[in-house]
Structures are given as C-alpha cells and as structure tokens.
Amino acid sequence: MLPITGTFLDEITHDIPSQNWGREEWARDFDAMRAIGIDTVILIRAGYQQYATYPSRVLQQQMNIFPVYLDLVDLFLEQAERCGMTFYFGTFDSGNYWQNGQYEKEADLNRRFCDEFMERYGQRPAFGGWYISHEISVYNDGMMNVYETLSTHLRNLKPVPILISPYIKGIKQFGSEAISPEQHRKEWDAVFSRLQGLVDIVAFQDGNVPLENLGDYLAINKSLADQYDIRSWSNVETFDRDMPIKFPPIDARKLRYKMEQAEKSRVEKLITFEFSHFMSPYSIYPAAHHLYQRIVEWKS
Amino acid sequence: MLPITGTFLDEITHDIPSQNWGREEWARDFDAMRAIGIDTVILIRAGYQQYATYPSRVLQQQMNIFPVYLDLVDLFLEQAERCGMTFYFGTFDSGNYWQNGQYEKEADLNRRFCDEFMERYGQRPAFGGWYISHEISVYNDGMMNVYETLSTHLRNLKPVPILISPYIKGIKQFGSEAISPEQHRKEWDAVFSRLQGLVDIVAFQDGNVPLENLGDYLAINKSLADQYDIRSWSNVETFDRDMPIKFPPIDARKLRYKMEQAEKSRVEKLITFEFSHFMSPYSIYPAAHHLYQRIVEWKS
Amino acid sequence: MLPITGTFLDEITHDIPSQNWGREEWARDFDAMRAIGIDTVILIRAGYQQYATYPSRVLQQQMNIFPVYLDLVDLFLEQAERCGMTFYFGTFDSGNYWQNGQYEKEADLNRRFCDEFMERYGQRPAFGGWYISHEISVYNDGMMNVYETLSTHLRNLKPVPILISPYIKGIKQFGSEAISPEQHRKEWDAVFSRLQGLVDIVAFQDGNVPLENLGDYLAINKSLADQYDIRSWSNVETFDRDMPIKFPPIDARKLRYKMEQAEKSRVEKLITFEFSHFMSPYSIYPAAHHLYQRIVEWKS
C-alpha cells in the first residue's frame with residue numbers, strides 16, 4: 001500500500017486545539033514521523049490573523065501580531081534537517097483580506113512576508129517547497145490573481161515546488177450547498193487552466209465527500225491535474241468528519257479505505273492533515289496512538 | 001451493590017469515535033472486563049449502513065459495504081471464549097430501510113444476514129444470545145412486525161435469549177417532544193403485549209430521563225415487564241448526556257446513583273453502554289480509567 | 001513573570017466533565033499544585049442544583065440533593081492543610097432561584113447552608129476565605145441584595161476575605177449582545193459602589209473578550225476596583241474559548257500573553273479556572289500536561 005509520507009504541521013490553526021508542545025515534544029514527534037517514513041513536512045500557514053510562527057517584522061507592523069515566544073519555523077527547519085525531511089513553507093493567511101475581497105492586500109502582504117522568510121531562513125538546507133495556504137473549492141477570479149502573484153514571486157525567491165491543497169465543496173462539509181461531481185470538474189478545469197505552470201503539485205483534501213464517492217472524485221482530480229501538467233498528491237485527512245466532536249482521529253478503517261482509493265487513482269504521494277494531532281503516538285488524542293500502531297502493522 | 005456484569009461492544013457506531021484498537025488492545029480490554037466481573041458482551045450491531053463487523057457476502061451484495069479489514073465477530077467470540085463470557089450477536093441496522101418505513105426490507109435482509117452469521121459462527125461456544133439492535137421508544141406497528149419476524153427467525157436458528165435495549169422518550173434527549181411517564185407506560189404496555197413470548201429480556205437505557213425521575217421510570221419498566229413475563233435488566237449508561245461534548249465518561253456519582261436506583265427496582269442484571277470507551281482502564285478517555293478505579297473501590 | 005498561585009476547584013459544574021478522581025488522585029494533584037507555587041484553592045461552588053460537595057442537611061431538606069458519596073469539602077480542606085494552602089469556600093448555587101428573580105430565597109438558603117458549613121468545618125486551619133459563587137457581568141439590583149446579605153452574614157461567621165469572580169459581557173461569549181468597554185465601566189462603577197466594604201477581592205474572568213482588547217479591560221477593572229478599595233486579582237482562565245470543543249486546555253501562547261497583560265495591569269495575584277482540568281500533569285486532557293511543562297519552563 002502506498003504509505004503516507006508527508007504531513008502538515010498545524011500549530012497556528014482556527015479550530016484544532018494546541019497540544020502545547022515545546023522543543024522536546026516536537027523533537028520526539030519528528031522521530032515518530034521519521035520512523036514510519038515521513039519525508040515531507042508542510043507548515044499549514046506561517047501565520048494567521050494576529051498569530052505568527054516566527055517573530056516577523058512585517059507582521060508586527062501590518063498585523064500587530066501577538067508576541068512569538070518560540071520560533072516554530074526555526075524549530076521545524078531544525079527538526080526537518082535532523083530527520084532528513086523536506087520542509088514546505090506555508091504562506092500567511094490574514095483571515096480577513098482575501099475573505100473580504102481584498103485580494104491584492106493579501107498578496108502584497110505575503111510578498112513582503114515571504115521576502116522576510118527568505119532573508120531569515122531561505123538558506124536552511126531543509127527548505128524545499130512552498131505551500132500556498134489559501135484554500136479554495138471553486139473558481140474565484142480574485143484568488144486566481146493571488147495565486148498568480150504569489151507563485152511568480154515565490155518561484156523567483158527560490159525555484160522549488162509550489163503546492164496547494166484545495167477542498168472539494170462536498171456534501172460532508174457543505175450539505176445542500178455542495179456542488180455535484182460534474183460541477184466540481186468544471187470548476188477545477190477553470191482553476192487549473194489558470195494555474196498551469198504556476199502551481200506544481202495539487203493535493204486535494206479527501207474528507208469532504210462521502211466515502212462511497214471518493215473514488216469518483218479522486219479520478220476526476222487526477223485526470224484534470226494530468227491534463228494541465230500538475231502533479232497529484234492526495235491529502236488523506238486523518239481526522240474524522242463524521243463525529244459530533246470536532247475533530248477526533250479518524251477510524252482506522254476509513255483511513256485505510258481512503259489510502260487504497262488514493263493509490264488506485266495513481267496519485268504519486270500521500271500526505272495528511274495531520275500527523276501530530278491525529279496519528280502520532282504522542283498526540284493528545286489517545287486514539288491517534290492506536291492509529292499509529294495500525295499504520296505500523298499495515299506496513300509490515 | 002449490584003455490579004455491572006454486561007457491556008455492549010460498540011465498534012460500528014454513528015456517533016462515538018473509534019478507539020482504533022487491534023487484536024492486542026481488544027484482548028487486554030477483555031481482561032479488564034473480566035477483572036471486574038463482566039460475564040456478558042453484546043455486539044451493539046453487526047453492521048450499520050455500509051459498515052460491517054465481518055466480511056458478509058449478504059451485505060456485500062445488498063449494501064455494497066466497505067472492506068472489512070479485521071473480523072470483529074470472530075475476534076469478539078474468541079475473546080469471550082477465552083474469558084468465559086457469553087456473546088450476544090446484534091442484528092444489522094441499515095440506517096435506512098426501517099427509518100423510512102421499509103420494515104420488511106429491514107427484516108428480510110436481517111434474516112439472510114443472520115443465516116450467514118449462523119453458518120459462519122453459530123457453533124462457537126461463546127455465542128449465547130441474540131440482540132435485536134433496532135431501538136424504539138414508543139409503539140410502532142411496523143417495528144412490531146420487524147421484531148416478530150426477527151425473533152421467530154432467530155429463535156429458530158438458535159434458541160438462546162433474545163434481548164432488546166429500548167430508550168425512553170425522555171426530556172434529556174427529546175426536550176419538549178418528550179412523553180410523560182404515563183404515556184411511556186401506555187406505549188410500553190402496547191409494545192410488550194405484542195412482544196410477549198418473542199423477546200426474553202428488556203434492558204431500558206437509563207440516561208434519557210432526569211436523574212431525579214429515574215426511580216419512577218425504573219419502577220414502571222419493571223412492573224410492565226413482569227406483567228408480560230419479560231426479564232428485566234437495566235442498561236446503566238456510562239456516558240454523560242449532560243455535557244456539551246458528545247460524549248465523555250459519566251460522572252462516577254451519577255453512575256453510582258443510577259446503579260443504586262436500578263438495584264432498588266429489582267432488575268436482575270446491570271449491563272452498560274459501554275465498557276470500552278467509558279469505563280475501561282484502556283479507554284481513549286482518561287476519565288474512564290478513573291471510573292474503573294471507582295468501580296473497583298465500590299466492589300471492595 | 002507573575003505566576004499563577006491560586007486555582008478554583010471545580011468538581012460540581014454544569015459544563016466541565018468530571019475527572020472521576022478519588023482521594024489519591026486529588027492528593028497527587030494538590031502535590032502538583034504546590035510544586036508550582038499554588039497557595040490558594042477556591043471551591044467554585046459547594047453545591048449546584050441537586051448536587052452537593054458535602055452531605056448537607058440543609059440541602060437535603062430544601063433541595064432534595066442526591067447522595068454525597070465522598071465529602072469533597074473535607075477532602076479539599078485536608079489537602080489544603082497538608083500543602084499549606086488557603087481554602088476559600090464557595091457558596092451554593094441553586095441554578096434556579098436567583099436566575100428566576102427569587103433573590104431572597106437564594107440568599108436565605110445560603111445563609112443556612114453557610115451556617116452549617118461553619119459548624120462542620122469552620123475551625124479547620126486551611127479555611128481562610130469566602131467565595132460568593134454567583135457570577136454577574138452587569139449591574140443587577142436583586143443580586144446586589146444577595147451579595148449584601150451574604151457578605152454581611154459571611155463576615156460575621158468568620159472575618160476572612162470575601163472574593164468574587166465576575167465575567168465581562170464580552171464578544172467572545174455574547175457576540176452581538178456584548179456590551180462596550182464604556183458600558184462595562186459604567187456597570188461596574190455601579191456594582192462596586194454597592195459592593196464597597198462588602199467584597200474584599202475581585203478577580204475578573206479574562207477569557208470573555210478578544211485577546212487584543214484584554215489589556216484595555218484589565219486597566220478599566222483595576223482602576224475601578226482601586227477607586228472602591230477592592231483588591232484586584234485576575235482569573236486567568238486556562239481553558240480555551242476559541243475552539244469548537246467545549247473546552248480544551250488553552251494554547252500556552254495565549255495563556256502567557258494573558259499573564260503578561262495581567263501583570264502589566266498591576267493586579268496583585270493570578271488565580272485560574274482551573275488547575276485540575278486544564279493545567280495539571282494529571283488532567284484527563286493531555287494538552288494540560290504539556291501546559292504544566294510550559295509553566296515550569298517559564299518559571300525557570
């Protein structure tokens with residue numbers, strides 16, 4: 001079975017509780033990642049609203065961010081280096097500008113913020129990819145401009161792969177406002193025709209649609225991405241969207257089924273949102289410890 | 001104090017997160033059950049919608065179930081045998097037919113599904129009871145037919161006790177749509193008059209009504225069941241229905257009070273929904289570990 | 001940094017699940033409190049609705065309380081004595097009378113209930129404060145009478161400090177019904193002008209307002225309390241109000257920021273709601289274990 005070899009790092013988030021880890025706890029978690037073959041770590045976002053992962057001057061000036069007590073970018077780069085992993089840097093999400101139509105402002109701020117990142121961390125050996133953190137599910141002209149501005153700028157700063165991880169506007173997340181598979185195909189045909197050459201890898205989230213339809217969506221996504229020369233990964237979510245609690249680790253059986261479906265669709269790599277909360281032996285959620293055991297069993 | 005000596009096994013559910021246990025984790029949990037005197041385990045349902053506990057041909061054909069990676073029926077029988085427990089087999093819940101008035105379809109599918117169970121596992125020494133998993137709270141003519149069809153069929157397959165575990169349409173679960181104790185008595189008078197001779201044991205759920213009214217409901221249930229020659233157990237729920245999180249382990253004080261009330265009502269046995277999540281020393285919820293300690297203390 | 005040196009004890013609550021601790025578990029938790037310098041423990045309420053922390057005759061007669069299996073007041077006093085801490089006794093909350101305008105009934109019951117507490121536990125060496133558990137956020141004439149009656153009565157029973165811990169009617173808890181900082185100032189000017197000389201210490205809850213406005217509110221609170229000769233503590237909440245789950249332990253970064261803001265406002269002491277669930281190394285929430293580690297690091 002194609003294993004999960006990449007994970008997001010989610011320590012600035014809007015709906016997943018912090019595990020309150022320090023240096024040591026993160027180090028042992030990277031060890032656990034490495035032990036099951038994780039070779040890629042992706043910072044979900046380097047900042048969100050007034051929260052930042054490193055003490056950025058740019059964000060201090062423009063966003064009046066709260067103090068940064070521990071430089072997570074430095075820490076994650078250090079751990080990725082120690083463990084031989086590639087680190088993808090996730091852009092800043094204002095939680096405000098692009099959600100309110102101020103697309104240029106979001107892009108401009110990010111350009112300056114990524115310049116600052118390059119100055120501070122650009123030469124670090126583990127840094128090997130960009131992740132544009134702004135998630136979309138349908139065509140949106142303003143966001144196309146953001147992607148265009150950012151990917152041109154980022155590629156110029158360092159020519160490493162640029163990743164996005166969109167969601168499907170599916171029933172499990174949107175109920176009656178969900179779009180049909182046909183509409184999904186049309187939307188992403190339009191999106192990819194704009195992003196061709198700008199984005200290198202797409203890793204659709206796989207948890208927004210009913211499990212029984214996942215195979216169909218994966219097939220649509222793969223064939224569209226192929227058509228526009230974009231590489232396909234799958235973001236095999238390891239949290240459970242079917243429970244009244246937001247969110248517990250996923251049922252191992254659903255995870256395995258999703259991994260099998262992703263492999264069938266011939267994506268080249270599986271990543272997940274995300275290891276540390278939902279499948280780590282050190283997670284604050286004990287069901288994640290057992291999920292890790294199941295993954296170890298499946299590999300042997 | 002009358003101890004809890006039976007538990008449901010809940011590994012196909014719609015609202016309780018999976019613990020992601022494998023063979024070893026289940027084995028140690030059965031050890032913990034045995035240590036406090038559990039002698040009866042009841043599979044809450046052998047399948048639900050497209051999920052199944054064993055790789056059933058019948059369900060593959062009719063329900064297009066997802067792959068079964070671990071045969072839980074086999075595993076639970078094996079553990080029950082090892083620990084000297086009686087295993088009750090819970091019927092399949094389509095999550096669809098009977099909820100939409102297709103009572104015959106639900107019953108027919110279950111007949112074939114239970115035939116298959118008998119072929120595969122009917123001779124296993126721990127198998128000693130049937131559990132009709134379809135839960136009702138008021139009289140429903142269609143469901144009476146389901147119970148009638150199923151109990152006749154099951155008794156024919158193997159003449160072991162048939163258990164049901166209904167809920168009370170109480171305030172804690174139904175708010176203003178709850179029914180009064182008098183209405184509850186009328187409904188169950190009607191139900192039991194149909195189920196007499198078909199169902200052997202009734203174990204009402206005890207968490208749907210305010211704690212201060214539990215004694216009254218228990219008395220009604222016991223006297224009605226006696227009247228129709230149905231044996232009474234109490235399903236002393238070990239999850240807490242009073243919290244904003246669905247669901248944590250229950251407060252030990254409420255559990256003890258409910259056990260005392262059940263004993264007072266002179267039911268013959270206490271079972272619970274359910275040991276592994278809510279009172280096990282190995283639960284993913286640490287409050288369950290402490291609840292187990294309290295139960296050990298109460299016994300000594 | 002000004003450390004947290006006081007905590008509520010929350011074992012009768014309406015929305016935080018019980019940890020199901022017995023004597024031993026509480027004892028080790030008090031050890032963990034002492035290890036980081038906790039010198040003050042405040043019983044959040046000695047009873048709520050039909051639940052009580054000690055087997056009170058008064059509550060048995062008037063509230064028909066459920067059985068008390070473990071005397072928590074005795075246990076907490078014993079632990080506080082062992083650990084050299086001061087114990088504040090929290091009054092009874094009917095969960096009914098004062099919420100429905102029956103202010104006198106709430107006050108009368110509490111007078112008799114506190115008399116009973118004095119008889120049973122008044123001479124215990126750790127007992128050193130009263131906590132009036134009824135929380136308000138704006139001026140309320142009926143509640144002023146409750147505070148007046150109670151504080152006069154309590155001071156007469158034993159002249160030790162009287163504490164309250166009000167909430168701010170802020171956006172994070174009340175959304176569009178929140179009041180402005182100016183309105184908050186007016187309300188509490190009115191409240192304090194009535195409570196001057198009756199209440200000794202006020203510890204506002206600090207989690208009801210956006211983090212970026214906390215400093216402003218703390219300044220308002222401190223200057224008002226000073227004006228009316230009331231001592232200021234801050235109730236630095238250690239649960240997270242920003243998550244979909246009610247409630248996980250707070251993100252350590254937010255906690256640190258709140259502690260820094262509180263210190264800046266020159267309050268004399270930091271207490272928290274509450275140690276045992278949200279920052280204890282023995283909490284049922286593992287994120288609390290890590291929060292404890294962070295607090296240990298910050299102190300060194």
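Attention here is on the structure that accompanies the text. The model shown is predicted, which means the values in this text are computed figures rather than measured ones. (Residues numbered from 1 in each chain as written. Chains lettered and ligands numbered in written order. Predicted model: local features only at pLDDT ≥ 70, side-chain atom pairs only at ≥ 80, totals over all residues. Heavy atoms only, no water.)

### Focus: the overall build of chain A
Filter applied, for reference: In this description a helix means any DSSP run of H or I spanning at least four residues, a strand means any run of E spanning at least two, and both kinds are numbered starting from the N terminus. Our radius of gyration looks at C-alpha atoms and nothing else; its globule reference is 2.2 Å times the residue count to the power 0.38. Exposure categories follow from relative accessible area, calculated using a 1.4 Å probe and restricted to protein chains: below 20% of the type maximum is buried, above 50% is exposed, and the middle band is partly exposed. By definition in these notes, contact holds between two residues if any of their heavy atoms fall within 4.5 Å. All accessible areas in this document rest on Shrake-Rupley with a 1.4 Å probe, and a residue is counted as covered only by the protein chains that are shown. Only four residue types enter the tally: Lys and Arg on the positive side, Asp and Glu on the negative side; His and the chain ends are excluded. Note on charges: their place is set at NZ of Lys, CZ of Arg, CG of Asp or CD of Glu.
Assigned secondary structure in chain A consists of 11 helices and 11 strands. Its C-alpha atoms give chain A a radius of gyration of 18 Å, within 12% of the compact-globule value 19 Å for 300 residues. For chain A, the residues scored as buried account for 62% of the 300 residues in total. Put simply, of all contacts in chain A between residues at least 6 apart along the chain, 77% involve residues at least 24 apart. Only carbon and sulfur atoms are counted for the fraction: they give 45% of the accessible area of chain A, which is about 10,800 Å². Each charge class in chain A can be summarised by its mean position, and for the 31 positive and 41 negative side chains these summaries are 2 Å apart.

### Some points on helix α5 (residues 141-157) of chain A
Residues and elements named next belong to chain A. Heads up, the rule is: Any helix carries an expected span of 1.5 Å times its number of residues minus one. Whenever a nitrogen or oxygen atom comes within 3.5 Å of another N or O atom, the pair is scored as a polar contact, on the condition that within protein one atom can donate a hydrogen and the other can accept it, and that pairs from neighbouring residues in sequence are kept only if both atoms are in side chains.
In a regular helix each residue adds 1.5 Å, so 17 residues correspond to 24 Å; α5 covers 24 Å between its end C-alpha atoms and thus fits that length. Every buried residue of α5 is listed here: Gly142, Met143, Met144, Val146, Tyr147, Leu150, Ser151, His153 and Leu154. Next to the buried residues of α5 lie α4 (103-121), β7 (127-131), β8 (162-164) and α7 (181-195). Between the side-chain oxygen of the N-cap and the backbone nitrogen of Gly142 there are 3.0 Å, and the N-cap of α5 in question is Asn140.

### With respect to the relation of the copies chain A and chain C
Between the two copies of the chain lies a relationship made up of a rotation around an axis and a movement along it. Our working definition: Here the copies were fitted onto each other by least squares, based on C-alpha atoms from residues at pLDDT of at least 70 in both.
Overlaying chain A with chain C gives an RMSD of 0.0 Å, the required rotation being 120° about an axis along which the chain moves by 0.0 Å. Within this description, the copies of the chain are treated as partners about a three-fold rotation axis. Scanning chain A for the C-alpha nearest the rotation axis identifies Ile245(A), at a separation of 3.9 Å. A share of only 4% of the interface residues of chain A reappears at the interface of chain C, consistent with the copies meeting through non-equivalent patches.

### Re the pairing of strand β9 (residues 201-205) of chain B
Residues and elements named next belong to chain B. The cut-off we apply is this: Two strands qualify as a pair provided DSSP detects at least 2 bridges between them. Throughout, right-handed denotes a crossover for which the path from the first strand over the helix to the second runs clockwise when the strands point away from the viewer.
Counting buried positions along β9 gives five out of five residues, so the element sits mostly inside the fold. Of the two faces of β9, the one holding Ile201, Ala203 and Gln205 and the one holding Val202 and Phe204 are both buried throughout. The sheet contact formed by strand β8 (residues 162-164) and β9 spans two bridges and is parallel. Bridge pairing in β9 places Leu163 opposite Ile201. Bridge count for β9 against strand β10 (residues 231-235) is five bridges, and the pairing is parallel. Each residue of the ladder has a partner; that of Val202, found in β10, is Ser232. Viewed along the sheet, the connection from β9 through helix α8 (residues 214-227) into β10 turns out right-handed.

### Considering the pattern of salt bridges
Think of it this way: side chains of opposite charge can pair up when their charged atoms draw near. The condition that has to hold: Whenever a carboxyl oxygen of Asp or Glu lies within 4 Å of a side-chain nitrogen of Lys or Arg, that contact is scored as a salt bridge.
Taken as a whole and assessed by the stated rule, the structure comprises 72 salt bridges over all chains. Ionic pairing is found between Glu11(A) and Arg253(C), a salt bridge with its closest N-O pair at 3.6 Å. Of this pair, Glu11(A) sits in the loop between β1 (4-9) and α1 (23-35) while Arg253(C) sits in helix α9 (residues 252-264), each in a different chain. Across the pair Asp74(A) and Arg124(A) runs a salt bridge whose closest N-O atoms are separated by 2.7 Å. In this pair, Asp74(A) sits in helix α3 (residues 72-83) while Arg124(A) sits in the loop between α4 and β7, placing the two residues 50 residues apart along the sequence. Each member of the salt-bridge network shares a partner with another, and the members are Lys172(A), Asp240(A), Asp242(A) and Lys254(A).

### Here we look at the sheet that holds strand β2 (residues 40-43) of chain B
Worth spelling out the cut-off: Lines fitted to the C-alpha atoms define the axes, with helices restricted to the stretch that makes contact. Angles between their N-to-C directions range from 0 to 180 degrees.
Pairing within the closed barrel is parallel, and its eight strands lie in the order β1-β2-β5-β7-β8-β9-β10-β11 (chain B). Strand-to-strand twist in this sheet, taken as the mean axis angle between neighbours without regard to direction, amounts to 30°.

### Here's the deal with the relation of the copies chain B and chain A
When chain B is fitted onto chain A, the two copies agree to an RMSD of 0.0 Å after a turn of 120° and an axial shift of 0.0 Å. Interface overlap between copies: only 4% of the residues of chain B at the interface are likewise at the interface in chain A, consistent with a contact formed by different surfaces.

### Comments concerning the environment of Pro125(C)
With respect to the element layout, Pro125(C) can be found in the loop between α4 (103-121) and β7 (127-131). Between the C-alpha atom of Pro125(C) and that of Phe273(C), which follows or precedes it by 148 residues, the distance is 24 Å.

### Some details on the environment of Arg28(C)
Checked against the element boundaries, Arg28(C) lands in helix α1 (residues 23-35). Residues Arg28(C) and Tyr282(C), 254 residues apart in the sequence, show an inter-C-alpha distance of 8.2 Å. If sequence neighbours within four positions are ignored, Arg28(C) has contacts with His290(B) and Tyr282(C).

### Brief notes about the interface of chain B and chain A
Basically, it comes down to this: The term buried area means the drop in 1.4 Å probe accessible area that two parts suffer when joined, counted for both and summed. Residues are grouped as follows: Ala, Val, Leu, Ile, Met, Phe, Trp, Tyr, Cys and Pro are nonpolar; Asp, Glu, Lys and Arg are charged; all remaining types, including Gly, are polar.
Counting from both sides, the interface comprises 24 residues of chain B and, opposite them, 21 residues of chain A. Of the roughly 1,800 Å² buried between chain B and chain A on both sides combined, carbon and sulfur atoms contribute 60%. Considering only the side of chain B, the residues that lose the most area to chain A are Asn20(B), Phe66(B) and Tyr69(B), jointly responsible for 35% of the buried surface there. For the pair chain B and chain A, the interface holds two salt bridges. One salt bridge in this structure joins Glu25(B) and Arg294(A), with 3.2 Å as the shortest N-O distance. Between chain B and chain A we count 10 residue pairs in polar contact (both at pLDDT 80 or more) in total. Here the residues of the side of chain B that touches chain A are counted per class, giving 13 nonpolar, six polar and five charged.

### Here we look at the packing of aromatic side chains
For clarity, the threshold we go by: The aromatic pairing rule takes the rings of Phe, Tyr and Trp, using the six-membered ring of Trp, and pairs them if the centres are within 6.5 Å, calling planes under 30 degrees apart stacked, those over 60 edge-to-face and the rest tilted.
All told, the structure shown has 83 aromatic pairs over all chains when counted by the stated rule. Measuring from centroid to centroid gives 5.3 Å for Tyr54(C) and Phe113(C), while their planes differ by 10°, and the two rings are stacked. Residue Tyr54(C) is located in the loop between β4 (51-52) and α2 (57-63), and its partner Phe113(C) is located in helix α4; the two are separated by 59 residues in the primary sequence. Each of the two residues, Tyr54(C) as well as Phe113(C), counts as buried. Among the aromatic residues, ring-to-ring pairing joins Tyr54(A), Phe89(A), Phe92(A), Phe113(A), Phe117(A), Tyr121(A), Phe127(A) and Trp130(A) into one connected group.

### Let's talk about the packing of α8(B) against helix α9 (residues 252-264) of chain B
Residues and elements named next belong to chain B. To be explicit about the condition: When the near helix sits turned anticlockwise from the far one by under a right angle, the crossing is termed left-handed; a clockwise turn instead gives a right-handed crossing.
Between α8 and α9, the least distance of the axes is 9 Å, while the angle of their chain directions is 35°. Two packed elements cross with a definite hand, and for α8 against α9 that hand is right-handed. In this structure, α8 contributes Leu214, Gly215 and Leu218 to the contact, and α9 contributes Lys258, Gln261 and Ala262.

### Focus on the packing of α4(C) against helix α5 (residues 141-157) of chain C
A packed helix pair is summarised by two numbers, namely the angle formed by the two axes and the spacing between the axes. All names here are of chain C. Quick reminder of the rule: An angle counts as roughly parallel when it lies under 35 degrees, as roughly antiparallel when it exceeds 145, as roughly perpendicular when it falls between 65 and 115, and as oblique in every other case.
Packing of α4 against α5 brings their axes to within 9 Å, and their N-to-C directions diverge by 15°. Between α4 and α5, the crossing angle belongs to the class labelled roughly parallel. Relative to α5, α4 is oriented so that their crossing is right-handed. Counting all contacts with α4, which are made through Tyr103, Ala107, Asn110, Arg111, Cys114, Asp115 and Met118, the residues of α5 involved are Gly142, Met143, Val146, Thr149, Leu150, His153, Leu154 and Leu157.

### Observations concerning the interface of chain A and chain C
Taken together, the contact between chain A and chain C spans 24 residues of the former and 21 residues of the latter. Across the chain A/chain C interface, buried area totals approximately 1,800 Å², and carbon plus sulfur atoms make up 60% of it. Among the residues of chain A in contact with chain C, Asn20(A), Phe66(A) and Tyr69(A) are the three that bury the most area, contributing 35% of the side total. Taken together, the connections running from chain A to chain C amount to two salt bridges.

### Notes on the sheet that holds strand β10 (residues 231-235) of chain C
Residue and element names in this part refer to chain C. With respect to topology, eight strands assemble into a closed barrel ordered β1-β2-β5-β7-β8-β9-β10-β11, the strand pairing being parallel. Across this sheet, the average inter-strand angle for adjacent strands is 30°, counted without regard to direction. Bridge count between strand β1 (residues 4-9) and strand β2 (residues 40-43): four bridges; the pairing is parallel. Within β2, the residue paired with Gly6 across the bridge is Thr40. Contacts between helix α3 (residues 72-82) and the sheet are confined to β1, β2, β5 (86-90) and β7, with β5 contributing the most and set at about 160° to the helix. Sheet contacts for α5: β7 and β8 (162-164); angle to β8, the most-contacted strand, approximately 145°.

### Here's the deal with the side chain of Asp10(C)
Residue and element names in this part refer to chain C. Mapped onto the elements of the fold, Asp10 is located in the loop between β1 and α1. Here Asp10 is buried and forms no salt bridge, its nearest opposite-charge partner Arg45 lying at an N-O distance of 4.1 Å. When neighbours within four sequence positions are excluded, Asp10 is seen to be in contact with Ile16, Ile44, Arg45, Phe273, Glu274 and His277.

### Some remarks on unusual backbone geometry
Residue and element names in this part refer to chain B. Residue Phe247 is reached from Lys246 by a cis peptide bond, and omega for that bond is -5°. As for its placement among the helices and strands, Phe247 is situated in the loop between β10 and α9. Not every positive phi belongs to a glycine, and Asn64 is a case in point at roughly 50°. Note that Asn64 resides in the loop between α2 (57-63) and α3 (72-83). Using a relative accessible area of 55% as the deciding quantity, one classes Asn64 as exposed.

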